[in-house]
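Spelled out, the chains give:
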Amino acid sequence: MQFDKTLSARGHEFHIDGWCDDAFETVADAFASNYIEEEEIGSAVAIYVDGRKVVDLWGGYRDAEYTKPWNEDTIVCMMSVAKGISGMTFNMLIDRGLVDPEKPVAQYWPEFAQNGKEGVLVRHVLDHTAGLPVVLDPLWPGAIFDCDAIVAALEKQAPLWEPGTVAAYHIHTQGNLLGEIARRVTGRRFRDLIQEDVIKPLGGDYRIGNVFGADNDRCADLVPTVAGTLLERKDTEPDSLLAKGFVQHPDEPIGVTLNSPGWRQAEIASANGHGTARSVARIYGAVARGGNIDNVHLMSPDTIEDMLVEQHNQVERMQQRPYHQGRGILLNTPVSVWMGPQARAFGHHGFGGSIGLGDPEARIGFAYACNKMHARGDNGPRARRIIEALYEVL
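Thresholds, definitions, all that
For every chain, the first residue of its written sequence is number 1, and the numbers climb from 1 along that sequence. pLDDT decides what is reported in this predicted model: residues at 70 or higher carry local features, side-chain atom pairs at 80 or more are listed and counted, and totals for whole chains, interfaces and linings draw on all residues regardless. The basis for the side-chain values is all heavy atoms of the structure; hydrogens and waters are excluded. Pairing between two strands requires that DSSP report at least two bridges joining them. Helix and strand assignments follow DSSP, with helices taken as H or I runs no shorter than four residues and strands as E runs no shorter than two, numbered in order from the N terminus. We call a residue buried when its accessible area falls under 20% of the maximum for its residue type, exposed when it is over 50%, and partly exposed in between, using a 1.4 Å probe and counting protein chains only. Pairs of residues are marked as contacts when any of their non-hydrogen atoms sit within 4.5 Å. Polar contact is defined as a pair of N or O atoms within 3.5 Å, subject to the rule that within protein one atom must be able to donate a hydrogen and the other to accept it, and that residues adjacent in sequence are counted only when both atoms are side-chain atoms. Definition used in this section: a nonpolar core is a set of buried Ala, Val, Leu, Ile, Met, Phe, Trp, Tyr and Cys residues joined via side-chain atoms within 4.5 Å. What a helix is expected to span follows from its residue count: subtract one and scale by 1.5 Å. For this count, His and the chain ends are skipped, Lys and Arg are scored as positive, and Asp and Glu as negative. A pair is scored as a salt bridge if a Lys or Arg side-chain nitrogen falls within 4 Å of a carboxyl oxygen belonging to Asp or Glu.

## Here we look at the sheet that holds strand β15 (residues 364-370)
Strand-to-strand pairing in sheets goes through backbone hydrogen bonds, with the strands running parallel or antiparallel. Spatial strand order, β1-β2-β4-β3-β15-β14-β13-β12-β11-β10: 10 strands in an open sheet with antiparallel pairing. Both outer strands of the open sheet, β1 (5-9) and β10 (312-315), are each paired with one neighbouring strand and no more. Alignment of strand β12 (residues 330-331) against strand β13 (residues 346-349), held across 2 bridges, turns out to be antiparallel. Paired with Leu331 across the bridge in β13 is Phe346.

And the structure:
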């Protein structure tokens, strides 16, 4: 059924558009209710069940001034949702036999074996225990946009503790590290590998950076909230690990950075994936049903099972959040990243509220994308409301 609804909230009219299977109308209602119950500005949601798209909705506005409607082709930065896409792509390299997660990183990247990193294994990078959660070299304001400079700094840097012993969310650096390993074994930059081997075969609309011209014109602006968030902590606790994770950012408000050409164009494979909810949901929809969808094969069921083996369950040191950690993806962690009622659900959230997830038991691929970034430590009520409605109708 076509879904077409206009709501009034907080002095604005919000138009919700798209399509959903008749059986999932209550899911569409839950999505729409976020504009009444929460301070939603613009958002999109998409759901695949056993390879079939059952929900594809979008609505609201793509700017803080409520003047530009969120359209079917609107893209948005989903922040660390990119880690899930990058992690699954890297598991595809493992599936092809190009990388062994139990081998040292230096086997693929010899220059990495400096200052005590000889024993860092590939799996340590995948599960955030490599001991390289920040770049200690301050470099210059805006160096975050120079992937090669960050990689060169990490290549020389000593780990902050014994690799494999302590989990600390590699907030930006995981994508740099995985990306360089991928480049060494494929000869391609990580974002090109993701685009050519995952996004294009699935007919998706998602990219790591590379937002130029017409794509920039259809990109939603992020509207971050600082008070009460990790961003406030980084500003008030300058000696914290979290603050050190942002040293290479430009010296400007985070809202300026996240909507800047630098952020939208750079290769930051852990953080600046821009795209549509339907594209992310389709990827998870493929992986959740054994790695295949519409005759596109991403990886084998055995590799997926290995990816879903819990590597650790720690309160990681960067954000001080508990995570059930898989191999390159997060596992369902109700206290911080709730992914529905199934314990084997997997995926990755993005700072501010976006999320992509898969459920191999119900064969679900789900993605929710938003531009109003909430002030919460967990993944928040907006995606949860939709996920709860989804499982009520299954």
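Picking up where we left off.
## Examining the sheet that holds strand β7 (residues 273-275)
Overall, antiparallel pairing links the 3 strands, which are arranged β5-β7-β6 in an open sheet. In this open sheet, the two edge strands, each paired with only one partner strand, are β5 (76-77) and β6 (206-208). Where β6 lies against β7, 3 bridges are found, and the strand directions are antiparallel. Bridge assignment links Tyr206 to a residue of β7, and that residue is Gly275.

## Some details on helix α12 (residues 277-287)
Judged by how many residues are buried, α12 sits mostly within the fold: 11 of 11 residues are covered. Residues of α12 that are buried include every one of Ala277, Arg278, Ser279, Val280, Ala281, Arg282, Ile283, Tyr284, Gly285, Ala286 and Val287, and no others.

## Concerning the environment of Glu361
Tracing the backbone shows Glu361 in the loop between β14 (355-359) and β15. Looking at Glu361, the relative accessible area reads 44%, which means it is partly exposed. Along the backbone, Glu361 and Gln342 are 19 residues apart, and their C-alpha atoms lie at a distance of 7.5 Å. Among residues more than four places away in sequence, those in contact with Glu361 are Gln342 and Arg344. In this structure the side chain of Glu361 is engaged in a polar contact, spanning 2.5 Å, whose partner is the side chain of Arg344.

## Quick word on the pairing of strand β2 (residues 12-20)
Relative to β2, β1 is paired through 5 bridges, and the arrangement is antiparallel. Among the inter-strand pairings, Leu7 is bridged to a residue of β2, identified as Phe14. Following β1, the chain reverses through 2 residues before pairing antiparallel with β2; Arg10 in that reversal takes a positive phi of roughly 55°. Note: β2 against strand β4 (residues 52-60), 5 bridges, orientation antiparallel. Bridging across to β4, Cys20 finds its partner in Val55.

## A short note on the nonpolar core
Grouped together as the largest cluster of nonpolar side chains are 127 residues, with contacts concentrated most on Ile47, Val55, Met88, Phe90, Phe346 and Phe366. Looking at this core, the element that brings in the most residues is helix α2 (residues 81-95), giving 8 residues. If sequence neighbours within four positions are ignored, Phe366 has contacts with Val45, Ala46, Ile47, Ala281, Tyr284, Ile355, Gly356, Leu357, Ala383, Ile386, Ile387 and Leu390.

## Topic: α2
Taking 1.5 Å per residue as the helical rise, α2 with its 15 residues ought to reach 21 Å, and the 22 Å between its terminal C-alpha atoms agrees with that figure. Of all 15 residues that make up α2, 14 are buried, and the element is covered over most of its length. One or two steps after α2, the chain reaches Gly97, where phi turns positive at roughly 80°.

## Some points on the side chain of Lys117
Within the element layout of this structure, Lys117 appears in the loop between α2 and α3 (122-126). Among buried Asp, Glu, Lys and Arg side chains, Lys117 stands out as unpaired, with Glu118 the closest opposite charge at 7.8 Å. A distance of 3.0 Å separates a polar atom in the side chain of Lys117 from the backbone oxygen of Gln114. Contacts of Lys117, omitting those with residues within four sequence positions, involve Phe112, Leu132, Leu154, Glu155, Lys156, Gln157 and Pro159.

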